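# Coordinate inspection notes
Residues per chain are reported as follows:
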Amino acid sequence: MKQTIFFSVLLLSLSLRAQLINQSFNKSIEFGNNQKKSVSVSGNQLKINTKVIFNAVPDGYHITFTQTEISQTIADLEEITIKKKSSIIKDIKKLQMKARDLVVDVTGLDPIFNLNPDSTSQQNPSGYKSTHNFTFKISDLSMVDQLTRICFKYNIYDIIDIVPFIKNSKYIEDSLYSKAIEILNSKKKLAQKIGFEIQDGKPFFEKNKNVIYPSERYIKSYIQNSSLFKHHISQNSTINYNRKVEIDAYYNLDLRDADYIFNSQEVKPVIQFVYEINYGFIKRDREEEARIKEARKMENQKKKTIYILDKNGKMREVNF
């Protein structure tokens, strides 16, 4: 009976402890790192933060591949590149792309020397190595696979970057500005309803803008866990199988601290335009100003008295 009571008390204490841990965790999530002071009042000072985000789907992308060639002469390298560019242009036209959608530029040209330690004379290059970038303008990410297959056909394998672009962002900025002002005014009304009068004082504010590209939103991390994958033969053997999972293409978009988000449902990698207004108002403290004014008045009214020693060694007052 005593053992039963002991185990019951132990289970109850563990359950209560687990509940406290869960409550602490939930509190840290709700009011911890993501706590945002949208409207705050301290004494006679009001602070309002407003943040609006526009998730803009790119109008197109610049995708850049790089490739290195080696030949005996520079003329041969130029001829190889010209032929390769001409062949690629013919293939990309099948994707409804035009010749002007491809730009090829040289990023490196290096001589190659043979190692001949017995020779004291100046050596001439035995060949040359050139590095070219092939930059394509595409309208949609769905074209990347097809374009990559074309590049593989010509031994171009390495992608440097994919950079999205917006042709005209004015309508985005106008939308952000209008929505931010609308939300700011609604928060001002909230502060007034609570009891803070926005009058007889001085306002101050700052406006912040930022543009975040998809590549800045990708998380790069590494996970290693031997239990992720095990071959069936390891069940009856001492062989240890480790599988390393590399995560370097996870698109993490945190929108929890925004007041409003345009295109929040968009799942494609987007260009984020962030617009933030930090507004403040310092209300005049009339009572404190009156107190200071009265104190200065009393100080000025005090009689200044100066005493000196006369020739007889006695103190006497000097009047001005």
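Description of the structure in this document. Note that the structure is a prediction, hence the values are computed from the model and not measured.

Rules of the game
Residues numbered from 1 in each chain as written. Predicted model: local features only at pLDDT ≥ 70, side-chain atom pairs only at ≥ 80, totals over all residues. Heavy atoms only, no water. Helix = DSSP H or I, 4+ residues; strand = E, 2+ residues; numbered from the N terminus. Buried < 20%, exposed > 50% of the residue type's maximum accessible area, 1.4 Å probe, protein only. Contact = heavy atoms within 4.5 Å. Salt bridge = Lys/Arg side-chain N within 4 Å of Asp/Glu carboxyl O. Pairing = 2+ DSSP bridges. Axes fitted to C-alpha atoms, helices over the stretch in contact; angles between N-to-C directions. Phe/Tyr/Trp six-rings, centres within 6.5 Å; stacked < 30°, edge-to-face > 60°. Parallel < 35°, antiparallel > 145°, perpendicular 65-115°, else oblique. Left-handed = near helix turned anticlockwise from the far one by under 90°. Nonpolar A, V, L, I, M, F, W, Y, C, P; charged D, E, K, R; others polar. Core = buried A, V, L, I, M, F, W, Y, C linked by side-chain atoms within 4.5 Å.

### Here we look at the overall build of the chain
Secondary structure summary: the chain contains five helices and 13 strands in total. Looking at the 320 residues of the chain, the share that counts as buried comes to 25%. Taking contacts inside the chain between residues at least 6 apart in sequence as the whole, the part at least 24 apart equals 77%.

### A word on the pattern of salt bridges
Considering all chains together, one arrives at ten salt bridges under this definition. With a shortest N-O distance of 2.6 Å, Glu69 and Lys84 are connected by a salt bridge. Highlighted residues: Glu69 in strand 3 (residues 60-71) and Lys84 in helix 2 (residues 74-92), separated in sequence by 15 residues. In terms of burial, Glu69 and Lys84 fall into one category: buried. In this structure, the salt-bridge partner of Lys179 is Glu182, at a minimum N-O distance of 3.4 Å. With a gap of three residues between them, Lys179 and Glu182 both fall in helix 4 (residues 170-194), about one helical turn apart. One connected set of salt bridges, linked through shared partners, spans Asp91, Lys94 and Lys153.

### Some thoughts on the sheet that holds strand 4 (residues 102-112)
An order of 4-5-3-6 is seen for the four strands of this open sheet, with the pairing classed as antiparallel. Bordering the open sheet on either side are strand 4 and strand 6 (158-165), each of which pairs with just one other strand. Adjacent strand axes in the sheet meet at a mean angle of 20°, parallel and antiparallel pairs treated alike. Here strand 3 pairs with strand 5 (residues 127-138) via eleven bridges, running antiparallel. Paired with Thr66 across the two strands is Asn133, which belongs to strand 5. In the packing of helix 2 onto the sheet, contacts are made with strand 3, strand 4 and strand 5, and the angle to strand 5 comes to roughly 20°. Docked against the sheet, helix 3 (residues 144-153) engages strand 3, strand 5 and strand 6, running at close to 10° with respect to strand 3.

### Quick look at the packing of aromatic side chains
Overall, the coordinates contain six aromatic pairs when judged by the stated rule. Ring geometry for Phe54 against Tyr171: centres 6.0 Å apart, planes inclined by 90°, an arrangement best described as edge-to-face. Here Phe54 is found in strand 2 (residues 45-56), whereas its partner Tyr171 is found in helix 4, with 117 residues between them in sequence. In this structure Phe54 comes out as buried when scored by relative accessible area, which is 7%. Tyr171 gets classed as partly exposed once you look at its relative accessible area, which sits at 47%. With a centroid separation of 6.5 Å and an interplanar angle of 85°, the aromatic rings of Tyr177 and Tyr275 are classed as edge-to-face. Within this pair, whereas Tyr177 is found in helix 4, its partner Tyr275 is found in strand 11 (residues 271-283), the two being separated by 98 residues in sequence. Among the residues examined, Tyr177 registers a relative accessible area of 47% and is labelled partly exposed. On the accessibility criterion, Tyr275 (6% relative accessible area) is buried. Taken together, the ring pairs in this structure connect Phe54, Tyr171, Tyr260 and Phe262 into an aromatic cluster.

### Description of unusual backbone geometry
Of note in the backbone geometry, Asn155 takes a positive phi value of approximately 60° without being a glycine. Mapped onto the secondary structure, Asn155 falls in the loop between helix 3 and strand 6. The phi torsion at Asn263 lies on the positive side, around 60°, for a residue other than glycine. For Asn263, the location among the structural elements is in the loop between strand 10 (260-262) and strand 11.

### As for the packing of helix 2 against helix 3
Look at helix 2 against helix 3: their axes get within 10 Å of each other, and the N-to-C directions meet at 150°. Here helix 2 lies roughly antiparallel to helix 3, going by the angle between them. The chirality of how helix 2 crosses helix 3 is right-handed. For the pair formed by helix 2 and helix 3, the contact residues are Ile88, Asp91 and Ile92 on the first element and Leu147, Ile150 and Lys153 on the second. Its residues assigned to classes, the contact of helix 2 with helix 3 comprises four nonpolar, no polar and two charged.

### A short note on the environment of Tyr213
With respect to the helices and strands, the residue Tyr213 is situated in the loop between strand 7 (201-212) and strand 8 (218-225). In contact with Tyr213, other than residues within four places in its own chain, are Pro164 and Ile271.

### A closer look at the nonpolar core
Counting 20 residues, the largest nonpolar core has Leu46, Phe54, Leu176 and Phe273 as the members making the most contacts within it. Of all the elements in the fold, those that place two or more residues in this core are strand 2, helix 4 and strand 11. Aside from chain neighbours lying at most four places away, what touches Phe54 is Tyr171, Ile172, Ser175, Leu176, Phe262, Asn263, Ile271, Gln272 and Phe273. One finds Tyr61, Ile63, Val144 and Ile156 within the second-largest nonpolar core, a separate group that totals 19 residues.

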